[in-house]
Amino acid sequence: MTAVISAEWLKLRSVRSTHYIVGVAVLLIGGAALLSLARVTAWENLSAATRADNTGGGTTEETILQFMQLLGGIVGVLAFTSEYATGLIRSTFAVMPRRPTVLIAKAAVVAAGSALMATVVVFSSYGLSELIVGDRMPAYEPSFTEQLPYLAALAGSVVVVSLLGLGLGAVLRSATGAIMILVVLIFVAQMVLLFLPAPWKHWIYSALPVALPDQLTGVPPRTAEAPNGSAVPHTMLSIPGAWAFAVAIVVASLGAAWAAISRRDVK
Amino acid sequence: MIEVHELTKRYGRTVAVDGLSFQVRPGLVTGFLGPNGAGKSTTMRMILALDAPDSGSTLVDGRPYASIKRPMHVVGALLDASSVHPGRSALNHLRALARTNGIGTSAVVAAIERVGLAGVARKKVGGFSLGMKQRLGIAAALLGDPSVLMFDEPVNGLDPEGVRWIRELMRGLAAEGRTVLVSSHLMSEMQLTADRLVIIGRGKLIEDATVGELTDRFQRGVFVRSPRLDDLSAVLTAAGAEVAAEKGGLSVHGLAVPAIGDLAAGKGIALHEVTPRGASLEEAYMQLTAESVEYRAVSS
Amino acid sequence: MTGLIAAEWLKFHSVRATRIVACVIPASIAGGAALTWYVADTWDKMAPADRDQVSIASVEEITLSVSQLCFAILGVLAMTAEYKTGLIRSTFTAVPSRRLVLAAKAIVLAATALVVGTATSVLTYLVCDAVIGERPIPYYDQPAEPAALLTAGPSTLVFAMIGLGLGTLMRSAAGAITAIVGLWYVLPIVALNLPVPWDSRVGSVLLTRLDAQLAGVDLVAKYGEGMPAALLSPLAAAIAMAAYIAAALIPATLTIRRDLR
């Protein structure tokens, strides 16, 4: 097993797409720093009265969450689709006919890789934002120890999405299709939800990747009104519920991948 | 040793492989021949447990392939040489495959040197020529020092030097006592490489014989010229040969060159030419597979 | 050239992705209609005094986003699918002038995007307006501005061209689609966080806001105070759209001569 994992690790780090993803992740850290600079400048220009009924937005780590999730998801998707696209999958399964072993090794590598990437991005963005903003904005007032579980949950949600991507890639065998589904789940669904009636929109929102960190750490639902007067979708799941749901996503995704790779011929 | 037993595979309504049985023995190069679409690649994929048969089974060294723990030590296979990630270096491609079966980097380097790619080991595979990719695929097959080797159309697209290199490599591997199965749709190539031939068409076994047996069966006889053709014809026919007149001579079937010479000498008939004609396996192959060619150009 | 366009049209409509899009867009219209029906039904069942709370945003915006993204992806795949399968070698051997191939693909995509984008928007409006009927539910209580519906076509076209440009430039579907998501989702976040007056200056030239400005619709009135002001006149918006197309296709025409692998 360790042999297969180390082979998959070598595959992951020896392709250009991984290098690009790392590059984008580094840009994301820089973007987060600039964003916190812009926000704190805007905040300080507001009048005291405006500041009183405004929070100045969340932290930059929250803002870049969805893009981190997409990057993690793409790492997962490409693990299988790049091999199906090039035909390399035939060699992979020929030298390792117990296909579930390949799946487990890929899952381990994808989870570890995306966890590493997300942890580095989250904690460096947090560190830079703290340096830039200090105590000047309410979102940055909690101490590091208070923030730690939430930061970990941000990174954890990226790992969940990366394993979801792995499953989508194995089932669809098409990078485009799998990435589009991720884009819909991570970005598009949220916009469409605004139009749906309550309580559906709240329940569907709770199942989206973006809602995971809040629910995993028990952040109270962020209720707000959209410009047209309807409620913005908010979280519904309890902490245990959220953990069970996150585990369920991973199990369902890997289960579907397992069924897809064991039952189908490798053409 | 590869055993294929009553193997059947359907894709929708098309039967790709139809009740196919044969064995591939060690110490020989076995040619796996058939027209395009005959089911050669499908059979090879089923031997490697990449495709699941609808019925039947395959064994490699007495075991189902999927039950082999570290298969690279038992079977080395070259399926499609271009099935590599173009952005990865040759070295990393082979290292990733090798690691899954606990094969160290030193064996990888040795395999790269054996196929003559040492100079480009760190170059991206995307820039390789087809011949270089074939060599890379063969290096992957040799990594685990396996006792069984399978090559799917290994000489496709190679230059004469590459073709000869692969031919000698395969013969060398068989001489070391390994089992070598090579698929091809070209009889001319297999005639030079293989000891034994398994010929299939439309998924069914057409012929399973040694090259020698086929050569004997498809002998085209002996061509004889003589100033006394009529006398010679009578003598040979009396001895049981089939004789047919041909431009300037006779075509004789059923008698070997020494027998023809002795008979003619016995009657004092001078011979001006005695030419044994080798079997054209190419033609034999065309005859054998004529029925089963899937895609045939319509002659106008 | 007409032969080339015919060939590209054949390739375009005979691939799986196009068929999927041909299902996704009508499905989004049907989904919008179902949503509208639900709102109308809620209104019917309410006490007359509470009915003025009910409103619905313009469903055309959802279906427009769907057709924009769908065509961006079709634009990407028009090139990357050929690179992936190696078909591009045959294509460029048959037509050595690669820019002509790019132009033919652009024409096929642009024409389809224009027609489908406009049709989607108009159809969505007609269906949703019919479902709401005479009920005074905003936003469907007043007749739509035809300009706002018709600009859906050009804006879908811009997305298709950006997809084609990025696909040609990157030769990788995964990379190009990620870049489009960045343009479509990340840039607006950046713009919203810029200090005044740069938020409205940058926000006005965002891809997702050009169609409204092209139609001359007042975005601040539509979305409320949270939105940076829109600064572009319809003419300026049209120029911005053309600039996006140029920014996508000029690098593509310059890099399409790179070696094939």
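Numbering of residues begins from 1 in every chain and follows the order in which that chain's sequence is written. Chains carry letters and ligands carry numbers; both start at the beginning, A for chains and 1 for ligands, and go up in the order they are written. The model is predicted, so local features are restricted to residues of pLDDT at least 70 and side-chain atom pairs to those at 80 or more, both for listing and for counting; the totals for chains, interfaces and linings are taken over all residues.

**Student:** Hey, could you go over the overall build of chain A for me, with residue numbers and the actual values?
**Tutor:** When helices and strands are tallied, chain A shows twelve helices and zero strands. Elements are defined by DSSP. Helices are runs of H or I of four residues or more, strands are runs of E of two residues or more, and each kind is numbered from the N terminus. Reading the secondary structure of chain A in the N-to-C direction produces α-α-α-α-α-α-α-α-α-α-α-α. In summary, chain A has a C-alpha radius of gyration of 20 Å against a globular reference of 18 Å for 267 residues, a match within 12%. Counting only C-alpha atoms and orienting by the principal axes, one finds that chain A spans roughly 70 × 40 × 30 Å. Every one of the 267 residues in chain A was classed for burial, and the buried ones make up 46%. We call two residues in contact if the C-beta atoms placed from their backbones are at most 7 Å apart. Here the analysis covers contacts within chain A between residues at least 6 apart in sequence; of these, 83% occur between residues at least 24 apart. Each radius of gyration reported is based on C-alpha atoms, and the globular scaling rule is 2.2 Å times the count of residues to the power 0.38. Working definition of burial: number of other C-beta atoms within 10 Å of the residue's own, with buried at 20 or more, exposed at 12 or fewer, and partly exposed in between, all C-beta atoms being placed from the backbone.

**Student:** Outline the environment of valine 39 of chain C, listing residues and values.
**Tutor:** All names here are of chain C. In this fold, valine 39 is placed in helix H2 (residues 16-45). Separated by 98 residues in sequence, valine 39 and isoleucine 137 have C-alpha atoms that sit 9.0 Å apart. If we ignore the near neighbours within four places in the chain, the residues touching valine 39 are Val54, Ile56 and Ile137.

**Student:** Before we move on, could you go through the sheet that holds strand S3 (residues 29-33) of chain B and cite the residues and values that matter?
**Tutor:** All names here are of chain B. Pairing in this open sheet of six strands is mixed, and the strands run S5-S6-S7-S3-S8-S9 from one edge to the other. Here the strands that pair on one side only, and so sit at the sheet edges, are strand S5 (75-78) and strand S9 (204-210). Going across the sheet, the axis of each strand differs from the next one's by a mean of 15°, ignoring polarity. Two strands are counted as paired when DSSP detects at least two bridges linking them. Across four bridges, S3 lies against strand S8 (residues 196-201) in parallel orientation. If you follow phenylalanine 32 over to S8, its bridge partner there is valine 198. Of the strands in this sheet, S5 and strand S6 (148-152) touch helix H4 (residues 130-142), which is tilted by about 165° from S5. Sheet contacts for helix H10 (residues 281-289): S3, S8 and S9; angle to S8, the most-contacted strand, approximately 35°. Note on definitions: angles span 0 to 180 degrees between N-to-C directions of axes, and those axes are lines fitted to C-alpha atoms, for helices only across the stretch in contact.

**Student:** Which residues make up the nonpolar core, and what are the values?
**Tutor:** Judged by nonpolar contacts, the single largest core of 216 residues is most densely connected at Leu94, Ala139 and Leu143 of chain B together with Ala160 of chain C. Leaving out residues up to four positions away in the same chain, leucine 143 of chain B has contacts with Met72, Gly76, Leu94, Leu97, Ala98, Ile103, Ala107, Val108 and Ala111 of chain B. By definition, a nonpolar core groups buried Ala, Val, Leu, Ile, Met, Phe, Trp, Tyr and Cys residues that connect through C-beta atoms lying within 7 Å of each other. In terms of nonpolar packing, the next biggest core, distinct from the first, is built from eleven residues, Val224, Leu232, Ile260 and Ala264 of chain B among them.

**Student:** Can you tell me about the domain arrangement of chain B, naming the residues and giving the values?
**Tutor:** Just so you know, the domain bounds were taken from an automatic or database domain assignment. Domain parsing of chain B yields domain 1 (2-212) and domain 2 (220-276). Put simply, the middle of domain 1 of chain B and the middle of domain 2 of chain B, counted by C-alpha atoms, are 46 Å apart.

**Student:** Account for the interface of chain B and chain A, with residues named and values stated.
**Tutor:** Interfaces are frequently sized by the accessible area removed from exposure as the parts join. Counting from both sides, the interface comprises 29 residues of chain B and, opposite them, 23 residues of chain A. By residue number, the principal contributor to the side of chain B that touches chain A is helix H2 (residues 90-100) of chain B, which donates six residues. Split into classes, the residues belonging to the side of chain B that touches chain A amount to 15 nonpolar, nine polar and five charged. Classification used: nonpolar for Ala, Val, Leu, Ile, Met, Phe, Trp, Tyr, Cys and Pro, charged for Asp, Glu, Lys and Arg, polar for all others including Gly.

**Student:** So what's going on with the packing of H2 of chain B against helix H3 (residues 105-114) of chain B? Which residues, and what values?
**Tutor:** Residue and element names in this part refer to chain B. Here H2 crosses H3 at 130°, and the two axes come no closer than 10 Å. Of the possible angle classes, the one that applies to H2 and H3 is oblique. Of the two possible hands of crossing, H2 and H3 adopt the one that is right-handed. Residue-level contacts link Ala90, Leu91, Leu94, Arg95 and Ala98 of H2 to Thr105, Ala107, Val108, Ala111 and Ile112 of H3. Looking at the contact of H2 with H3 residue by residue, the classes come out as eight nonpolar, one polar and one charged. Under this scheme an angle from 65 to 115 degrees is roughly perpendicular, one under 35 degrees roughly parallel, and one over 145 degrees roughly antiparallel; angles in between are oblique. In this scheme the crossing of two helices becomes right-handed for a clockwise turn of the near helix relative to the far one and left-handed for an anticlockwise turn of less than a right angle.

**Student:** Could you give me a rundown of the pairing of strand S7 (residues 179-184) of chain B, with the residues and numbers involved?
**Tutor:** Residues and elements named next belong to chain B. Burial analysis of S7 places six of its six residues in the buried class, which makes it a mostly covered element. What you see with S7 is no split at all: Thr179, Leu181 and Ser183 on one side and Val180, Val182 and Ser184 on the other are buried throughout. With five bridges joining them, S3 and S7 adopt parallel strand pairing. Across the sheet, residue valine 29 finds its bridge partner in S7, namely valine 180.

**Student:** Which residues make up helix H9 (residues 175-193) of chain A, and what are the values?
**Tutor:** Here H9 of chain A spans 26 Å end to end across 19 residues, near enough to the 27 Å set by a 1.5 Å rise per residue. Among all positions in H9 of chain A, only Ala175, Thr176, Gly177, Ala178, Ile179, Met180, Leu182, Val183, Leu185, Ile186, Phe187 and Gln190 of chain A are buried. In this fold, the buried residues of H9 of chain A make contact with helix H5 (65-86), helix H8 (144-172) and helix H10 (200-206) of chain A together with H2, helix H3 (59-85) and helix H8 (173-192) of chain C. Here a helix's expected span is defined as the number of its residues, less one, multiplied by 1.5 Å.

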